[in-house]
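Chain residues, written in single-letter form:
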Amino acid sequence: MISAVLIASATALAAPVAGTLGHRRLKQAAGARLMRIDTPSGIDEQGFVRIGGIEQWISVRGEDHDNPVVLEIHGGPGASNAIYGPRTRAWEKHFTIVRWDMRGTGKTLRRSGADRHEDAVEVTHHVRARLGVDRVVLVANSFGSTFGLRLARQYPDLYSAYVGTDQNIHDAGRDDTAHRALLGRLHTAGKRKELAALEEAGADTRTWTAEQFGAYAKIAATSDPLTFSTIKSVVMKSLWFSPLHSLAELGALGKGMRLSEQILPATAGFDDWADGTAFDIPFFIFQGDRDVLTPTARAKRFFDDVQAPHKEFALIEDASHFASFRHPEQFLRLMLTKVRPLVANQEQVAAT
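Note that the structure is a prediction, hence the values are computed from the model and not measured. (Residues numbered from 1 in each chain as written. Predicted model: local features only at pLDDT ≥ 70, side-chain atom pairs only at ≥ 80, totals over all residues. Heavy atoms only, no water.)

Engineer: I would appreciate a short explanation of the overall build of the protein chain in the present structure.
Structural biologist: If you tally the helices and strands in the protein chain, you get 15 helices and eight strands. Projecting the C-alpha coordinates of the protein chain onto the three principal axes gives extents of approximately 60 × 50 × 40 Å. Sequence-distant contacts, at least 24 apart, represent 77% of the contacts inside the protein chain between residues at least 6 apart. Taken as a whole, the protein chain presents about 14800 Å² of accessible surface, with 53% of it coming from carbon and sulfur. (Helix = DSSP H or I, 4+ residues; strand = E, 2+ residues; numbered from the N terminus. Contact = heavy atoms within 4.5 Å. Areas by Shrake-Rupley, 256 points an atom, 1.4 Å probe, with all protein chains shown as cover.)

Structure (structure tokens):
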């Protein structure tokens, strides 16, 4: 649901940076140097794999192939995590990070078009075979966590743990607290045009069009100083300076977000409580302490109802949405102290 915000922000930031391509190239070169992996047991592979009948872009990176494998399910929809490579470089010292441009996203869109298919399970099987592991840690963020929960419920034999961040919880439209909080912010700020748009849409997301979802996300993000600051300083800078993306590929990212946004109305009736709160794998949520897009309080309510062999909830401080990318060091610390020991113990038990 954040796609419209990124597209709008990209347009706003493009004008002042369009004449600084030289600076962009310097920053890209610095990012590329930072991302080099030259350890003897490291892996650095990016390329297209045939998944679901089309060529899809997958990146596999890490300093030690014996480290636990993390498969990311990115958000947006249509917002590739590949742009964050330099910010999350430290993660690759402790985990092998698999990033995948889902169907209709980024490099996959540019190569193969936008037709949709359920590909995550096939990608998981590919990763297991390529890296020789039985299970991987599933890390899902933002809109990706909508499907991450379903993967964790349905395929516990494929995943050693579930980690949700910017966790998106659906309740078939019952909880309107975030909508009411946004109306309050707009009323205080005197934003009459935005108020009128939200009041016209109503609080029941099940009746919204894709355009109304996009408008809501844009208004919610830009009306919250912390979220808007993160979009400008973290997301858009990562996008503009990504060493993995040409200018043409940046255009494909924007196109993918616009196309992917059309699937949002189909998910409005999802109900995670009705789908089930029982998980057969360890369950973690690491959420920004002030997330206004995927509200922290709702994620905590769902977490409290979860039944799992092991579960933990932790806040990433001074963060709204994009929490793991705003504070990658906090997210890594949580992964190292809470997730990695548990996964390592699972591997030891399986080996005996």
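Engineer: Honestly, the side chain of Arg326 in this entry has me stumped. Any pointers?
Structural biologist: Checked against the element boundaries, Arg326 lands in helix α14 (residues 323-326). Polar side-chain contacts of Arg326 include one of 3.5 Å to the side chain of His327. (Polar contact = N/O pair within 3.5 Å; in protein donor to acceptor, adjacent residues only side chain to side chain.)

Engineer: I would appreciate a short explanation of the packing of aromatic side chains in the present structure.
Structural biologist: Centre-to-centre distance and the angle between the planes together describe a pair of aromatic rings. Throughout the structure, instances matching the rule amount to 14 aromatic pairs. Ring plane angle 10 degrees and centroid distance 3.8 Å describe the contact between Tyr84 and Phe325, whose orientation is recorded as stacked. Taken as a pair, Tyr84 in the loop between β3 (69-73) and β4 (96-100) and Phe325 in helix α14 lie far apart in primary sequence, 241 residues in all. Phe325 carries the same exposure label as Tyr84, and that label is buried. Between Phe303 and Phe313 the ring centres are 5.5 Å apart and the planes differ by 55 degrees, which places this aromatic pair in the tilted class. Highlighted residues: Phe303 in helix α13 (residues 296-305) and Phe313 in strand β8 (residues 311-316), separated in sequence by ten residues. (Phe/Tyr/Trp six-rings, centres within 6.5 Å; stacked < 30°, edge-to-face > 60°. Buried < 20%, exposed > 50% of the residue type's maximum accessible area, 1.4 Å probe, protein only.)

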